[in-house]
Amino acid sequence: MIDGRITKVAFRLALALIALSVFCLVSYAQSLGTAGTVTGVVTDPNGAVVPGAGVKIENPVTHFSRTATTDAQGAFRFDGVPFQEYQLSVTANGFNAAQQVVSVRTAVPIEVKLALTVGGLTSNEVTITDSLNTVENVPTTHTDVSDAIIAKLPVATPGSGLSDVVSQSSPAVVAGENGFFHPLGDHAQTTFSIDNQPVSDQQSKAFSTQLPPEAVQSLEIISGATPAEYGDKTSLVVNVITKSGLNQRKPTGAFSTLYGTFGDTKESASVAYGGSRVGNFVSFNFERSGRFLDPPEFTVMHDRGTSANVFDRVDYSPNAKDSFHVNLFAARNFFEQPNTFEQQALGQDQRQLVRSLNVAPGYVRVFSPHTILTVNPYYRLDQVWYFPSANPFADQFTTLSQQRRLTNAGLRADVAYTKGRHNAKFGVQLSHTFLTEAFQFGITDPNFNDPASPDFIPDLLPFDLTRGGRLFAFNGHTDIKQEAAYAQDALNLGDFTLNFGLRFDNYAGLSHSNALQPRVGASYHIKRTNSVLRASYTRSFETPYNENLILSSATGAGGLVSGSFGSVSNEPLKPGRRNQFDLGIQQGFGKLVVFDVDYFNKRTTNAYDFNVLFNTPITFPIAWHLSKIDGVAARVSLNNYHGLTASVTGGHTRARFFPPESGGLFFNSDLPTGVFRIDHDEVFEQTTDVQYQFNRFKRLAPYANFTWRYDSGAVAGAVPDFATALTFTPDQQAQIGLFCGNVFATPTQGLTQCDSATRGALRVRIPAEGTANDDTNPPRVAPHHLFDFSAGTDNLLRTEKTTRVTLRFSVINLTNKKALYNFLSTFSGTHVVSPRVFQGQLGVTF
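Overview of the structure. Being a predicted model, the structure only gives us computed values, none of them experimental.

## Structural notes on the overall build of the protein chain
- What the protein chain contains, in helices and strands, is seven helices and 44 strands.
- Rg of the C-alpha trace for the protein chain: 27 Å, near the compact-globule value of 28 Å for 846 residues, within the 12% margin.
- Principal-axis analysis of the C-alpha atoms gives the protein chain an extent of 95 × 55 × 50 Å.
- Among the 846 residues that make up the protein chain, the fraction classed as buried is 58%.
- Accessible area for the protein chain stands at about 31900 Å²; split by element, carbon and sulfur atoms hold 59% of it.

## Structural notes on the pairing of strand β17 (residues 278-289)
- Judged from the 10 bridges that link them, strand β16 (residues 264-274) and β17 form a sheet pairing that is antiparallel. Paired with Tyr273 across the two strands is Asn280, which belongs to β17.
- Where β16 folds back on β17, the antiparallel hairpin that results is connected by three residues.
- Strand direction decides the pairing type here: β17 and strand β18 (residues 305-316), joined by 12 bridges, are antiparallel. In the sheet register, Asn280 faces β18, and the bridge partner there is Val314.

## With respect to the environment of His642
- In this structure, His642 sits in the loop between β30 (619-641) and β31 (644-662).
- The class for His642 is exposed, based on a relative accessible area of 58%.
- For the pair His642 and Gly176, spaced 466 residues apart in the sequence, the C-alpha separation amounts to 35 Å.
- For His642, the residues in contact, after removing those within four places along its chain, are Tyr692, Gln693 and Asn695.

## Focus on the state of the cysteines
- Evaluation of the coordinates by the stated rule reveals one disulfide.
- Residue Cys740 pairs covalently with Cys754 via a disulfide, S to S 2.0 Å. On the S-S bond that ties Cys740 to Cys754, the torsion sits near 90°, and the link is right-handed. With Cys740 in strand β35 (residues 738-740) and Cys754 in the loop between β36 (743-744) and β37 (759-761), the pair connects residues that are 14 residues apart, well separated along the chain. Take Cys740 and Cys754: they sit in the same class, and that class is buried.

## As for the nonpolar core
- Phe192, Leu211, Leu219, Leu236, Val238, Val240 and Phe657 are the most contacted members of the largest nonpolar core, which has 38 residues in total.
- The greatest single-element share of this core, amounting to four residues, is contributed by β30.
- Apart from residues lying up to four places away in sequence, Leu219 is in contact with Thr143, Asp144, Val145, Ile150, Leu162, Val165, Val166, Val238, Asn239 and Val240.
- Listed in part, the 32 residues of the second largest apolar core include Phe463, Tyr507, Phe541 and Leu573.

## Overview of helix α3 (residues 161-169)
- With nine of nine residues buried, α3 lies mostly within the body of the structure.
- Of all the positions in α3, only Gly161, Leu162, Ser163, Asp164, Val165, Val166, Ser167, Gln168 and Ser169 are classed as buried.

## Focus: the side chain of Glu336
- Following the sequence through the fold, Glu336 ends up in strand β19 (residues 322-336).
- If we skip the residues at most four places from it in the chain, Glu336 touches Leu293, His302, Asp303, Arg304, Gln350 and Arg351.

## Re the environment of Gln753
- Position of Gln753 among the secondary structure elements: in the loop between β36 and β37.
- Here Gln753 falls in the exposed class, since its relative accessible area comes to 59%.
- Along the primary structure Gln753 and Ala725 are separated by 28 residues, whereas in three dimensions their C-alpha atoms are 10.0 Å apart.
- With sequence-adjacent residues up to four places away left out, Gln753 is seen in contact with Leu726 and Cys740.

## So, a nonpolar patch on the surface
- Together, Leu493, Phe496, Tyr524 and Leu533 line one region of the surface with nonpolar side chains, adding up to about 330 Å² of accessible area.
- As for its position among the elements, Leu493 is in strand β24 (residues 472-493).
- Assessed through its relative accessible area of 35%, Leu493 is described here as partly exposed.

## Some words on unusual backbone geometry
- Of note, the bond from Pro659 into Pro660 is cis; its omega dihedral lies within 30 degrees of zero at 5°.
- With respect to the secondary-structure elements, Pro660 resides in strand β31.
- One non-glycine residue with positive phi stands out, namely Leu184, at about 50°.
- Taking relative accessible area as the criterion, Leu184 reaches 1% and is therefore assigned buried.
- In this structure, His302 is a non-glycine residue whose phi angle is positive, near 55°.
- With respect to the helices and strands, the residue His302 is situated in the loop between β17 and β18.

Calculation criteria
Residues numbered from 1 in each chain as written. Predicted model: local features only at pLDDT ≥ 70, side-chain atom pairs only at ≥ 80, totals over all residues. Heavy atoms only, no water. Helix = DSSP H or I, 4+ residues; strand = E, 2+ residues; numbered from the N terminus. Rg over C-alpha atoms; globule rule 2.2 N^0.38 Å. Buried < 20%, exposed > 50% of the residue type's maximum accessible area, 1.4 Å probe, protein only. Areas by Shrake-Rupley, 256 points an atom, 1.4 Å probe, with all protein chains shown as cover. Pairing = 2+ DSSP bridges. Contact = heavy atoms within 4.5 Å. Disulfide = S-S within 2.5 Å. Core = buried A, V, L, I, M, F, W, Y, C linked by side-chain atoms within 4.5 Å. Patch = residues over 30% accessible without salt bridge, like charges linked within 9 Å, V, L, I, M, F, W, Y side chains within 5 Å. Salt bridge = Lys/Arg side-chain N within 4 Å of Asp/Glu carboxyl O.

Rendered as C-alpha cells:
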C-alpha cells in the first residue's frame, strides 16, 4: 500500500509552493512562450493619441476574435494570442477605419502603430478585408481551435471534454473509449503544453483529470514538423492557452446547468475580472453521470461516476517588462467500473478514485523589443486508487486492486529572439518524476486457470484463491530524472520559410538513455495560386509511459515468470527513437475555403502501447521492437459565410507493429508472433462539423450545430474467423451481434454451431474462412456512422444588456447506432459507443 505519510508530505510541499507563488504574486500577463502579445497606440492625423477607440483582432479561419478599447494614452493590448496571422481593425467616432495585418509567430511582444484619418464612420467594428491571407507559410502541420468553436462543439464524454475537442478537430485522430484518442496511428503519444507547462502523461479520466474546456481560450494541435521545444510524446502536441482575467475591468463570466439521459448533470461556473496589471480567472465544474465510462454492454450497469475540478489563473504585470502568473488546478474523479451481465449477476462492485493537483507559476522578462525570457516551474500530482469488491469472490475471474501515485516537478526556461528574418528560441527543460505503485490480484474463478486445462499456467497457482492460494502483492518505487536542451529558428526568406531545430534529451529512470534530435522543415508560398507546399523531417526521443511503469518492467516479480504471465523480456522499458517525414500542401480558395492535406511516415524502435487487464482502467505500458506507421491527414475549412461555418477532418492510417514485445501483464489474449496491425489502425475516419448562426434573428442569436463522424473500423484481432466466434460466451457473441441465418446470439443463449451460408456479425467484420492475416487482412470493428445535433440561443430573452440567458438542446448519437470501439482487445478490452443521449443546458452569461 502507498505510504500515507509520503502522500501527506507531497500535499504539504504542493501547498507550500502555492503559498510561495501567491506570496510572490507569481502570475504573468499571458505573454506565454507558446502565445504572442500584440500592443499598440492609436493616433489621429496630427499624431495625438485617440482614447476610447475600438480595436479588434480576428482570424476568420480559426474563429479567434478579441476586442479592446484604447485607454487614456491611446494604447491597447492583446495577450495570449495564438500564433497565426490576424486582421487588426480600429474604429473611432469621427474617424475612418484603419486596418492592418499582423503576423504573430513569437512570444516577443509585437508593437503596432495605427493612424486614423478624419471621416464619419462611427461603428466600432469593420469588415475584414482581402488583405488577410487564409493560408500559412509555415512548415508545421497544425490545427487551431478557438474558444468560440469549443463552446459550440457537442461534448459526449463526461469528464473528458478536452479529449472530445481534440478528436473532433484534428485529422487522423481516431476516437477511442473513455476519452482516449489515437493520434496518427499511435495509442496516446500526446504532449499537452498548458501555458508552457509540459504534460506528457496520459490525461484520460481513467488515468488523471484533465483541464475543463471552459478554462481554454485556444488550442493549437501540432501533428507534423514538431518544433524542437517539444519532446517526450510527439505524435500530437496540444498547445493550450488558458483564459485570463486581465483587462476585464467589468467582470465577465458564465453559469450553466445541464441535465440529460442517464441522470447526467453538469454545473459550471466561471468568472474573469481584473485590470491592466492584475487579473484573475476562475472556473468550477461538477459532473455526474450514470454512464461515466464506456461499458462493455449496450445495457448500462454499475457505471455511475462524478468529476469535479476547480481552475484558477492569477496574473500580475507590475510594469511593461516584467510579468508573472500562476495556474492552480485541483480535481477529483470517482467512478464505478462498468459490469458485464455476468459480473452484475455476481455482484461485482469495483471502483476507482483519481485525485489530481497542479501548481504552475511562471515569469516573463522583456529585455528588449527583440528578446524575452520565459521561466515556468511546475508541480503536478496524480493519485489513483482502484478498489475491488468487498467480497473477493464477487469479482469475475480475478479480484484486483491498485494504488499508485505520480509526482512530477520540473522547470522549463527559454529565451526567444526575434529580429529581421530570424525567430529563434533557446531553452532547457528539467523534470523529476516520482512513481509509487502497489498492485494486488488473486484468481477467484476455479475455471480461469484449471490445472486440468492444457492452458494451465503453474506460476499462477500460488495466487489462485479458489485453491487455497494468496493474493499476489507488488510494491515498487522509483524516480525518473529527465534533462533536455533545445535550440530552434524559423528563418523567413520571403516566400520561403525554413525551420531548423536541435534537441538533446537525457533520460535516467529504470533504464538510461539519451539522444540528439535534429529537426528541419521548409515551406514555400506560391502567391499566384495561394498555395503553400511544405516538407519536414523530425527525429524524436519517445519516453516510456509512467503509468504502472515499475511493475510492467519488473518481470519475475513475486514469482511471475517471463513468458507465462508477465513480459517476454527481462529488461526494463527503454525510450524509443523515431524518424518522421511529412509532406503537405495547404490551398486557399478565395477567402472562404482552406484545404490542407499531409502525408506522414513514422518509423519507431521501441514503439509504445498499453495492455489492459480485462475491461478495467488498469493498464500496463508495453514496447514493441518496431512500428511502421504512415497515412494521410486532411482538413477542409469553410470560413464564416453569412453565418455558416464548417470543417471536415479525415485520415487514413496504417499502423504495423513488429515483435518481440517487452513489458506488461497479459490476460486477455495471446500475443501476435509476427507483424500485425494494432487496434488503432484504421482505413478511414472523418468528422464533419457544421455550425450555422441565424443572423436574421440577431437579438435572439439562435444557432445550430451538426456533427457527423464516420469510422471504417479499427482492428479487432480477437475474431479471426467465425469458428473462433462460436467459442465465445453468449454475452460476448451478443456484444458483436453474432448471427447464423436468422438466429442471433443473446446474452443468455449463444451459438455453438452454424451450417448456414448466411452468417457473420453485425458489429465486427470477420474475414472469410482461411483469409485472415494479422497484417494484410485483420478482423475489424464494423464501419459505423455517428451523428450529433445541437441547437440553442445565446440570448433567450432577447435583451440588449450584457447579462444574457442561454439555452441549448443536444442529441448525441442521433440515430441511436449500436457500435463498438473495440472487442476483447489485449490493448483496450471491450467497449461500446454511447447510445442516444438527450441533453438540455440553461445558463447565464455576463
